[in-house]
Structures are given as structure tokens and as C-alpha cells.
Amino acid sequence: MIAPHENRPLLSVRDLKTYFPVKRGLLRRHVGNVKAVDGVSFDVRPGETLGLVGESGCGKSTVGRSILRLVPVTAGSVAFDGVDVLNAHRPAMQLLRRRMQIIFQDPVGSLNPRMQIGRIIGEPIAVHKLARGTELTDRVELLLKKVGLPAETARRYPHEFSGGQRQRIGIARALALEPTFIVCDEPVSALDVSIQSTILNLLNDLQDELGLSYLFIAHNLAVVEHFCDRVAVMYLGRIVEMADRQTLYRNPLHPYTKALLSAAPHPDPLAKRQRIMLLGDVPSPISLFRDERAGQAASVEMTDEERAEMEAERESGIEMIPRSRLLDRPPLVEVEGEPGHFVSRSVEPG
């Protein structure tokens, strides 16, 4: 975990924006943008695990891929150990690739089914010309042992393994170039619950052994609570709350954060909890920002249907938060009396 003397950020992200163009018609005219990431800023310190959580489609995976330049970035800055990642030319970027890696969400789709495991893990080592021949073979076998797989695994194909074993292979590939920072893009979401703890313990042990820093992308808040040092909550392309894990789980301030924590399973089924639910569907990013070019702000007014449903659920003891109330997303401000706790002062439900 975090070394107490290490306060300088290893990774610094400022006002990151990643837009995907929307084109329509026979001439494929540009009619708008899907703002997958719309002004995200955070730091990751050496040896730290920063959790990035939110619903599917909120942009958290795009943040991870944008940092590594796996998708084109629209605006903003990313600095890794003082190096400007987004403007780095090929030689500098090749060196950065060795220090920044990713564990993909899908342990099946991320492995080439036509390649043996030894070649999958050894390919980045060969591309960066770090070893060849018997030295390369020895390094692959060492990586397999490090993630708990036997050396003979190198001669087999991905379809011969379970989901958990495939994810171990993906972790071994991410470790092949001896990185200092790894984007963990929902590394356990596709695995059985019994396997998830094993993979998380493996990642924790590797972090302690190798001094790794993680950006841990997830939607399972129970996993994030036990694995991450700090947590950032994303909604519709922006971070709405960020704090260390104890503070965030003890004192969530943003309505969206409260709803996410309320939805997390509790080990005691008889414990009394205040249930908070989000009312309505996740708005389309295209529709949400359709009028932005005309200078019109998104509406935060509740509809009559939302008011009626809120009253009905309130009588049953469930607090409802209309999603229309979450469209107003001002910048993050630090909470008074809680250093490091930042929240977007959104419109409170009423």
C-alpha cells in the first residue's frame, strides 16, 4: 500500500476529455459528440490503489484506456512520473509502455485463441527486445509461477483454462515488462465470486512485492472498499465525489454516491438500512448534451411522473433520487473539515 514518505504523484490526470463523434446521414455529417469522459482530474501516488467506480457506461473504462493512449484523447493532460504521456513521441511512448500496463476486463477476449500462452506472455518481452531464446522462455515460466500457474502452462492454449486461470495469464502478461503502474479494468467482474478473492489477493501480494500502483476500475463497491486506498465515483463522464475509502463509506455526500452504497449487498440481511434508489433510466450522453452547442443547459426539473413515483416509494420507506437532479454537475470542491474529500455540490433531492 502507500509508503508514508511518498507524496509526489506517480500519475497526474488533469481535465481529461475523451469525446466520440456522432455522424449521421449519407454524407456522415458530424452532428454531435458522445462525451464519454468530460473533464476528469485525479492523482495516483506510488504504491497506491485508486478505485474508480460507477455504473456501466459512466466512462470509467474509457478513462483507463485514455490514460494509456489506447483511445484518442480530445483534451486534457496526463503526466506519468513527470513525462507528458499525451504528447510523447514514439521513442518516449515506447519506454512509457514498459512502465504502464493494463489488465483487461474480459479474460477470454483479451487472449489470442490461436497463440500458446508462452507466446502471449513473451510477445511484449520480445517486442521490446528485453530477452530472447532460453532467457525469454525462463522469464515466461517465472511469470507463470509468480501468478500461481505451472511452467507447462506455456505450451497450452487459452481455451484449455478456466476464467480465473485466464485472468492470471492476463496478469502475467501485464507484469512481463516490469511496470510500475497498472490499469485494472474490472479484472474480477467476469469471474465467479469464489475466484474473485483469489485474484484480488494475488494483485495485493504483487503490489506489496513489486511496489505497483493501481487504477482499479470496478462497479462492485464491496470489492473496492477492501482493496482500494482512495475511491473516485464517476457519473456521466465526470467524477462527482472522491475521498479515501474510510471517509467515503462513512460519510458519502453526493446523492449518486449514497445510492450506489445503498445498493451494495450487506452481509447481515436483518440489518436495518436506508434504501436509496435512482429514479429513471441513465440519460443518453448524446441527448444530454444535444443542446450544449446552442448554449442551453441540461434541465434539472422533475417530471410529474417522477414526483408521483417518489411519493409512492417514500411511503414504503424507500428514498428516491430522480436522475434529472443529477444532471447539474458543478466542479469538485473540498469538504470543510475533511481534507482530501472532494464532492460535486449537486442539487440535493427534495
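These numbers were taken from a predicted model, which means no experiment stands behind them. (Residues numbered from 1 in each chain as written. Predicted model: local features only at pLDDT ≥ 70, side-chain atom pairs only at ≥ 80, totals over all residues. Heavy atoms only, no water.)

Draft legend 1. Region of interest: the nonpolar core. Counting 59 residues, the largest nonpolar core has Ile171 and Phe216 as its most contacted members. Apart from the residues lying within four places of it in its own chain, the contact partners of Ile171 are Ile103, Val147, Ile199, Leu202, Leu203 and Leu206. Counting residues in each nonpolar core, the second largest holds 31 residues, with Leu11, Val13, Leu16 and Val183 among its members. (Core = buried A, V, L, I, M, F, W, Y, C linked by side-chain atoms within 4.5 Å. Buried < 20%, exposed > 50% of the residue type's maximum accessible area, 1.4 Å probe, protein only. Contact = heavy atoms within 4.5 Å.)

Draft legend 2. Fine view of the sheet that holds strand E3 (residues 49–53). The strand order across the open sheet formed by 8 strands is E6-E7-E8-E3-E9-E10-E14-E13, and the pairing between neighbours is mixed. Each edge of the sheet is formed by a strand with only one pairing partner; in this case those strands are strand E6 (100–103) and strand E13 (332–334). Ignoring which end each strand starts from, the neighbouring axes of this sheet average 20 degrees apart. Bridging between strand E9 (residues 230–235) and strand E10 (residues 238–244) involves 6 bridges; their strand directions are antiparallel. Along E10, the bridge assignment pairs Arg230 with Asp244. (Pairing = 2+ DSSP bridges. Helix = DSSP H or I, 4+ residues; strand = E, 2+ residues; numbered from the N terminus. Axes fitted to C-alpha atoms, helices over the stretch in contact; angles between N-to-C directions.)

Draft legend 3. Examining the packing of aromatic side chains more closely. In this structure the tally under the stated criterion is 4 aromatic pairs. Ring geometry for Tyr214 and Phe227: centres 6.0 Å apart, planes at 20 degrees, overall stacked. Placement of Tyr214 in strand E8 (residues 213–218) and of Phe227 in helix H7 (residues 221–227) is noted, with a sequence separation of 13 residues between them. One exposure class covers both Tyr214 and Phe227, and it is buried. Between the aromatic rings of Tyr235 and Tyr256, the centroid separation amounts to 4.5 Å while the plane-to-plane angle is 45 degrees, which identifies the pairing as tilted. Taken together, the residues span a long stretch of sequence, with Tyr235 in strand E9 and Tyr256 in helix H9 (residues 255–263) at a distance of 21 residues. Its relative accessible area of 0% is what places Tyr256 among the buried residues. (Phe/Tyr/Trp six-rings, centres within 6.5 Å; stacked < 30°, edge-to-face > 60°.)

Draft legend 4. Examining helix H3 (residues 117–127) more closely. Every buried residue of H3 is listed here: Ile117, Gly118, Ile120, Ile121, Gly122, Pro124 and Ile125. The secondary structure elements touched by the buried residues of H3 are helix H4 (134–146) and helix H5 (163–175). At the exit of H3 stands Lys129, carrying a positive phi of roughly 55 degrees.

Draft legend 5. Expanded view of the pairing of strand E1 (residues 11–24). Of the pairings in the sheet, the one linking E1 to strand E4 (residues 75–80) comprises 5 bridges and is antiparallel in character. By the bridge assignment for E4, Leu11 is matched with Phe80.

Draft legend 6. Up close: unusual backbone geometry. Unusually for a residue other than glycine, Arg69 sits at a positive phi of about 60 degrees. With respect to the helices and strands, the residue Arg69 is situated in the loop between helix H1 (60–67) and E4. For Arg69, a relative accessible area of 31% translates into the label partly exposed. Of note, the phi angle at Leu236 is positive, near 50 degrees, even though the residue is not glycine.

Draft legend 7. Quick peek at the environment of Lys17. Here Lys17 lies in strand E1. In this structure the C-alpha to C-alpha distance between Lys17 and Ala36, which are 19 residues apart in sequence, comes to 7.8 Å. Once residues within four sequence positions are removed from consideration, Lys17 is found in contact with Val37, Asp38, Gly39, Val73, Thr74 and Ala75.

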